[in-house]
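Listed below are the residues making up each chain.
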Amino acid sequence: MSGACAVDPGALVNRVDKNRRHLARWARREGIDAYRLYDRDMPEFPLAIDRYADWLHVQVFEKKRPLPADDLENIRSELAARLEIPLLQVVIKHRRRQRGLTQYERLGATAPSFSVAERDLRFEVNLSAYLDTGLFLDHRNTRQLVREHAAQKRFLNLFAYTGSFTVYAAAGGAKHSVTVDMSKTYQAWSRRNLVRNRLDDPQRHSFVQSDVLAFLARMREARASFDLIVLDPPSFSNSKRMQDSFDVQRDQFELLRQTSGLLARGGELLFSTNRQGFRLDARVGELADVSEITAQTVPVDFKRRLPHRCWLLRNTAG
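Below is a summary of the structure that appears in this document. (Residues numbered from 1 in each chain as written. Predicted model: local features only at pLDDT ≥ 70, side-chain atom pairs only at ≥ 80, totals over all residues. Heavy atoms only, no water.)

## Examining the overall build of the protein
Each helix and strand counted, the protein has eight helices and 15 strands in total. Whereas a compact globule of 318 residues would reach a radius of gyration of roughly 20 Å, the protein reaches 20 Å, a difference of no more than 12%. Judged by the C-alpha coordinates and their principal axes, the protein covers about 65 × 40 × 35 Å. Counting contacts in the protein only where the partners sit at least 6 residues apart, residues at least 24 apart contribute 65% of the total. Of the roughly 15,000 Å² of accessible surface on the protein, a fraction of 46% belongs to carbon and sulfur atoms. (Helix = DSSP H or I, 4+ residues; strand = E, 2+ residues; numbered from the N terminus. Rg over C-alpha atoms; globule rule 2.2 N^0.38 Å. Contact = heavy atoms within 4.5 Å. Areas by Shrake-Rupley, 256 points an atom, 1.4 Å probe, with all protein chains shown as cover.)

Written out as structure tokens, the structure reads:
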């Protein structure tokens, strides 16, 4: 390691350890292996640090003056020592401003996949292979909400990623589920998550590899309906597998119009976005009864910095 550290990692490690001691008892009580320890609490350390069982996932948010590599290596070593985690199990990634489905892009790194507990369920994660890990920790409460509402429901999971919402719906007793994503890799991951929780039943749970917008059009033509839908789209996508680019701020009304059109009478749609500065189109209120439930869906370990916003749409049409 060359050169002196431009920033003192001690202040950061002290803050992380303080947060860990505050959250560890809560996590054990809830049966949670994966949670956020630090989220840009201090301006000189623009990092988000998540614990996944015996691993640390450190995300570096680029600034005009990024942290030098030597500083990051010192931070990595100090975190490993203080939290008693093997150095090789502290993974650092750089989050730069990107446009597109970046969670689908393989980074080329090789590290083992492993599972983490979330309440009485388990999920496969991989901290190195892709930009995202396989489990969005900020939606832990939203997943539990799905579980509580899923009994005997026909459930639809759109932009499903690795299917964690589907696992919760199945655990909550969903009558049927359809999981839609255009990535073959993540559809296979979703299936493994169901298998891991002994919830795989091809008679009840099906998977569709498709552009979501094309899938919605097909479902409208078939007059399909669902009782519970989760819609958590990317902020932006220009994937080659989609006919057109997608921007959640620009295209939200048409997306919500098509999706809410699949709701059965009394059906519920959970719509979420992590787009910074997002504004819900006023016309959405014409589609269904709408209420914002963000305060209910943001977990305690994400209260320091709002990670997403979430709305509940209900079809109350007679």
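## Quick look at the sheet that holds strand β14 (residues 289-292)
In space, the seven strands of this open sheet follow the order β9-β8-β7-β10-β13-β15-β14, with mixed pairing throughout. Two strands in the sheet have a free side with no partner beyond their single neighbour: β9 (205-209) and β14. Ignoring strand direction, the axes of neighbouring strands in this sheet form an average angle of 15°. Across five bridges, strand β8 (residues 176-181) lies against β9 in parallel orientation. Directly across from Thr179, in β9, lies its bridge partner Phe207. Along the sheet, helix α4 (residues 164-171) makes contact with β7 (154-158), β8, β9 and β10 (226-231), crossing β7 at roughly 170°. Each of β7, β8 and β9 touches helix α6 (residues 212-221); the most contacted strand, β7, lies at about 150° to it. (Pairing = 2+ DSSP bridges. Axes fitted to C-alpha atoms, helices over the stretch in contact; angles between N-to-C directions.)

## A look at the nonpolar core
Core analysis: the biggest nonpolar cluster contains 27 residues, and Leu47 and Ile49 have the highest contact counts within it. Elements that contribute at least two residues to this core include exactly α1 (9-30), β1 (34-39), β2 (47-52), β3 (55-61) and α2 (69-83). Sort the elements by how many residues they give to this core and α1 lands first, with seven residues. Apart from residues lying up to four places away in sequence, Leu47 is in contact with Leu12, Tyr38, Asp39, Arg40, Val58, Gln59, Val60, Phe61, Leu67, Leu72 and Ile75. (Core = buried A, V, L, I, M, F, W, Y, C linked by side-chain atoms within 4.5 Å. Buried < 20%, exposed > 50% of the residue type's maximum accessible area, 1.4 Å probe, protein only.)

## A look at the packing of aromatic side chains
For the structure on display, the rule yields twelve aromatic pairs. Following the ring pairs from residue to residue traces out a cluster consisting of Tyr130, Phe136, Tyr161, Tyr186 and Trp189. Between the NZ or CZ atom of Arg40 and the centre of the ring of Phe61, over which it lies, the distance is 3.8 Å. Of note, Arg283 hangs over the ring of Phe253, and the distance from its end group to the ring centre comes to 4.1 Å. (Phe/Tyr/Trp six-rings, centres within 6.5 Å; stacked < 30°, edge-to-face > 60°. Lys NZ or Arg CZ within 6 Å of the ring centre and 35° of its normal.)

## Looking at α4
Along α4, seven of the eight residues are buried, which leaves the element largely enclosed by surrounding structure. Burial in α4 covers these residues: Ser164, Phe165, Thr166, Val167, Tyr168, Ala169 and Ala170.

## Quick word on unusual backbone geometry
Phi at Phe159 is positive, roughly 50°, even though this residue is not glycine. Relative to the helices and strands, Phe159 is located in the loop between β7 and α4. The class for Phe159 is buried, based on a relative accessible area of 16%. Unlike most non-glycine residues, Arg198 shows phi in positive territory, near 55°. Here Arg198 is to be found in the loop between α5 (184-196) and β9.

## Here's the deal with the pattern of salt bridges
Scanning the entire structure with this criterion turns up 26 salt bridges. The residue Arg304 makes a salt bridge to Asp41 at a minimum N-O spacing of 3.3 Å. Of this pair, Arg304 sits in the loop between α8 (294-297) and β15 (309-314) while Asp41 sits in the loop between β1 and β2, and the two are 263 residues apart along the sequence. Here Arg304 falls in the partly exposed class, since its relative accessible area comes to 38%. Residue Arg192 pairs with Glu124 through a salt bridge whose shortest N-O separation is 2.8 Å. Separated by 68 residues along the polypeptide, Arg192 in helix α5 and Glu124 in strand β6 (residues 121-125) bring together distant segments of the chain. Classification of Arg192 as partly exposed rests on a relative accessible area of 37%. Taking the relative accessible area as the measure of exposure, Glu124 reaches 6% and is therefore buried. What emerges from the salt-bridge pattern is a single network uniting Arg36, Asp39, Arg40, Asp50 and Arg305. (Salt bridge = Lys/Arg side-chain N within 4 Å of Asp/Glu carboxyl O.)

## Regarding the environment of Arg309
Mapping Arg309 onto the fold places it in strand β15. Distance from Arg309 to Thr162, taken between C-alpha atoms, is 20 Å for residues 147 residues apart in sequence. At 2.9 Å, the side chain of Arg309 and the backbone oxygen of Phe278 are in polar contact. (Polar contact = N/O pair within 3.5 Å; in protein donor to acceptor, adjacent residues only side chain to side chain.)

## Some remarks on the sheet that holds β2
Taken in spatial order, the four strands of this open sheet run β1-β2-β3-β4, and their pairing is mixed. Of all the strands in the sheet, just β1 and β4 (90-95) have a single pairing partner and so form its edges. Along the sheet, successive strands turn relative to each other by an average axial angle of 20°, direction set aside. Both β2 and β3 contribute to a ladder of six bridges, which runs antiparallel. Bridged to Tyr52 within β3 is Trp55. Relative to β1, α1 is tilted by about 150°, and along the sheet it contacts β1 and β2. With respect to the sheet, α2 is in contact with β1, β2, β3 and β4, its orientation differing from that of β4 by roughly 140°.

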